[in-house]
Amino acid sequence: MTYFADLTHAYSLFDHDTVRYEWGTLDYRPRYERLSVGWLDASQPFDTGPVPDGFADALLDIVGNPAVNETRGLHRCEFCPSDTSLIADPRSDGESWLAFREIRVPARPGVMFAAPALIWHYVSAHAYRPPAEFVEAVQHYDAGWATEPSPWIPPDGERAVWGRTARNVMLRCVRCGQKFELHYTPDEPGRRALSLATQQLREQCPDHGKEWEFCDKVR
Ligand SMILES: [Zn+2]
Ligand SMILES: [Zn+2]
């Protein structure tokens with residue numbers, strides 16, 4: 001998985017953040033700084049140790065509340081055996097993968113922690129202990145940051161309404177590196193885009209169609 005050291009400004013996966021709402025998605029260039037937390041990699045040591053009671057549950061509550069940067073890649077847990085390294089959201093009957101999402105947690109005015117949704121798994125399964133500032137911010141999390149009008153959300157975001165706004169995105173096969181353009185109209189949060197992407201990749205690259213990552217929107 002992409003590695004960014006904790007509490008650095010290294011987060012650089014995407015210029016834009018995309019937040020999912022009931023009506024569709026809002027894509028914007030953040031005015032807040034993004035501080036990396038929990039972008040672990042098997043090649044790098046990470047802090048372990050106890051976390052406060054209820055912390056892992058509080059983290060899981062943040063995943064999807066709101067959903068941030070969904071469907072932007074399929075990352076596996078590098079610390080689990082490969083056949084079980086695709087981590088499901090425990091609230092979803094195994095149909096929704098944590099690997100597709102990120103979370104944002106306000107740190108202080110103008111600064112947001114940026115973490116992969118997999119951070120819940122790292123804490124609950126691999127004893128990862130995130131930085132104390134992040135632990136505290138999670139315990140005080142208020143999902144209202146994403147409710148407009150919000151100082152966190154710039155007014156010039158791009159809105160895509162479910163079932164109405166077609167999109168073109170670039171996907172890259174993780175194994176062979178080929179890129180594919182995917183055109184679709186999202187009509188349901190998450191799922192349809194994922195199945196379409198997988199189907200299209202399997203048609204064009206049968207051997208490697210299971211792992212892909214989102215490159216960027218075609219602008
Ligand atoms: Zn794991
Ligand atoms: Zn391939």
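The structure this text deals with has already been given above.
Definitions and limits used
Residues numbered from 1 in each chain as written. Chains lettered and ligands numbered in written order. Predicted model: local features only at pLDDT ≥ 70, side-chain atom pairs only at ≥ 80, totals over all residues. Heavy atoms only, no water. Helix = DSSP H or I, 4+ residues; strand = E, 2+ residues; numbered from the N terminus. Buried < 20%, exposed > 50% of the residue type's maximum accessible area, 1.4 Å probe, protein only. Contact = heavy atoms within 4.5 Å. Core = buried A, V, L, I, M, F, W, Y, C linked by side-chain atoms within 4.5 Å. Pairing = 2+ DSSP bridges. Axes fitted to C-alpha atoms, helices over the stretch in contact; angles between N-to-C directions. Polar contact = N/O pair within 3.5 Å; in protein donor to acceptor, adjacent residues only side chain to side chain. Arc of directions from axis to C-beta. Parallel < 35°, antiparallel > 145°, perpendicular 65-115°, else oblique. Left-handed = near helix turned anticlockwise from the far one by under 90°. Donors = N, O, S within 2.8 Å, 3.2 Å for Na, K, Ca; no water. Tetrahedral: all angles 85-135°; square planar, octahedral: opposite > 155°, others 65-115°.

In this section: the overall build of the protein chain. Summing up its helical and strand segments, the protein chain has four helices and nine strands in all. The order of α-helices and β-strands along the protein chain, N terminus first, is β-β-β-α-β-β-α-α-β-β-β-α-β. Out of the 219 residues belonging to the protein chain, those deemed buried represent 48%. Counted over contacts in the protein chain with a minimum sequence separation of 6, partners at least 24 positions apart contribute 70%.

Moving on, we come to the nonpolar core. Core analysis: the biggest nonpolar cluster contains 41 residues, and Leu59, Ile103, Val105, Ile119, Phe134 and Trp145 have the highest contact counts within it. Only β2 (24-28), α1 (55-62), β4 (102-108), β5 (111-116), α2 (119-126) and α3 (132-139) provide two or more residues apiece to this core. In terms of nonpolar packing, the next biggest core, distinct from the first, is built from five residues, Phe4, Tyr11, Trp39 and Ala114 among them.

This next bit is on the environment of Asp57. Of note, Asp57 is situated in helix α1. Once the C-alpha coordinates of Asp57 and Ser124 are considered, the two residues, 67 residues apart in sequence, prove to be 9.0 Å apart.

Turning next to the sheet that holds strand β1 (residues 17-20). Paired through backbone hydrogen bonds, the strands of a sheet run either parallel or antiparallel to each other. If you trace the three strands from one edge of the open sheet to the other, you get β1-β2-β6, paired in antiparallel fashion. The sheet terminates laterally at β1 and β6 (158-161), the two strands that pair on one side only. Mean inter-strand twist for the sheet, computed between neighbouring axes without regard to direction, equals 20°. In the sheet, β1 pairs with β2 via four bridges, with the strands oriented antiparallel. Bridge pairing links Arg20 to Thr25 in β2.

Turning to the side chain of Ser36, a few remarks are in order. Relative to the assigned elements, Ser36 resides in strand β3 (residues 33-36). For Ser36, a relative accessible area of 0% translates into the label buried. In terms of polar contacts, Ser36 uses its side chain to reach the backbone amide nitrogen of Tyr11, at 3.0 Å. Setting aside residues up to four positions removed in sequence, Ser36 forms contacts with Phe4, Ala5, Asp6, Leu7, Thr8, His9, Ala10, Tyr11 and Ala114.

Following the sequence through the fold, Tyr141 ends up in the loop between α3 and β6. Look at Tyr141 and you get buried, because its relative accessible area is 17%. Residues Tyr141 and Pro106, spaced 35 residues apart in sequence, show a C-alpha to C-alpha distance of 7.3 Å. Beyond its immediate chain neighbours, meaning those up to four positions away, Tyr141 contacts Ile62, Asn65, Pro66, Arg104, Val105 and Pro106.

All right, on to α1 then. Each full turn of the α-helix corresponds to 3.6 residues, which orients residues three or four apart in the same direction. If you check which residues of α1 are buried, you get Phe55, Ala56, Leu59, Leu60 and Ile62. Mapping the buried residues of α1 onto a view down its axis gives an arc of 155°, with all of them on the same face. When the buried face of α1 is taken as reference, the exposed residues oriented beyond 90 degrees from it are Asp57 and Asp61. Count one or two residues on from α1 and you reach Gly64, which has phi positive near 90°.

Contact geometry for α1 and α2: axes closest at 9 Å, N-to-C directions at 160°. Compared by their axis directions, α1 and α2 come out roughly antiparallel. The way α1 lies across α2 gives a crossing that is left-handed. Across from Phe55, Ala56, Leu59 and Leu60 in α1, the residues of α2 making contact are Ile119, Trp120, Val123 and Ser124.

Our focus in this paragraph is the pairing of β4. Pairing between β4 and β5: six bridges, direction antiparallel. Bridge pairing in β5 places Pro106 opposite Met112. Where β4 folds back onto β5 in an antiparallel hairpin, the turn is made up of two residues, including Gly110, whose phi is positive at roughly 85°.

Glancing now at the coordination of the zinc ion (ligand 1). Surrounding the zinc ion (ligand 1) are the protein donor atoms Cys77 (SG), Cys80 (SG), His121 (NE2) and His126 (NE2), at 2.0 to 2.2 Å. Each of the four donor atoms around the zinc ion (ligand 1) contributes to a set of angles spanning 101 to 122°, which defines the coordination as tetrahedral. Ordering the donors of the zinc ion (ligand 1) by residue number gives the pattern C-x2-C-x40-H-x4-H.

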